[in-house]
Amino acid sequence: MKRKTYYIIAAVWFVMVLIVIAASFLPIVDAATQSQIKSYLIWVVLAGGIAMILLRRMVDDEK
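Just so you know, these numbers come straight off a predicted model, no measurement behind them.

## Section: helix H1 (residues 3-25)
The end-to-end C-alpha separation of H1 is 33 Å, in line with the 33 Å expected for 23 residues at 1.5 Å each. Three or more residues of H1 are buried, namely Tyr6, Val17, Ala23 and Ser24. Considering only its buried residues, H1 is in contact with helix H2 (31-56).

See the structure below:
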């Protein structure tokens, strides 16, 4: 995998995490959804972080 591809994947994951965090605190989302999002927030961040670590091993650093 190229480094640029990894950076694109990392950026998309980061934006998705920001959206999830925003959805758990913004008042435009109803309270039931906010509580459900907050209960799964740590799992989203943890699974994404582990996936990024594992994907990093596939990046070709040689150039």
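So, next bit.
## Focus: the environment of Thr33
As for its position among the elements, Thr33 is in helix H2. Residue classification places Thr33 among the partly exposed residues on the basis of a relative accessible area of 31%. Sequence separation of Thr33 and Ile53 is 20 residues, and the distance between their C-alpha atoms is 29 Å. Looking at Thr33, its side chain comes within polar contact range of the side chain of Asp30, at 2.9 Å.

What counts and what doesn't
- Residues numbered from 1 in each chain as written.
- Predicted model: local features only at pLDDT ≥ 70, side-chain atom pairs only at ≥ 80, totals over all residues.
- Heavy atoms only, no water.
- Helix = DSSP H or I, 4+ residues; strand = E, 2+ residues; numbered from the N terminus.
- Expected span 1.5 Å × (residues − 1).
- Buried < 20%, exposed > 50% of the residue type's maximum accessible area, 1.4 Å probe, protein only.
- Contact = heavy atoms within 4.5 Å.
- Polar contact = N/O pair within 3.5 Å; in protein donor to acceptor, adjacent residues only side chain to side chain.

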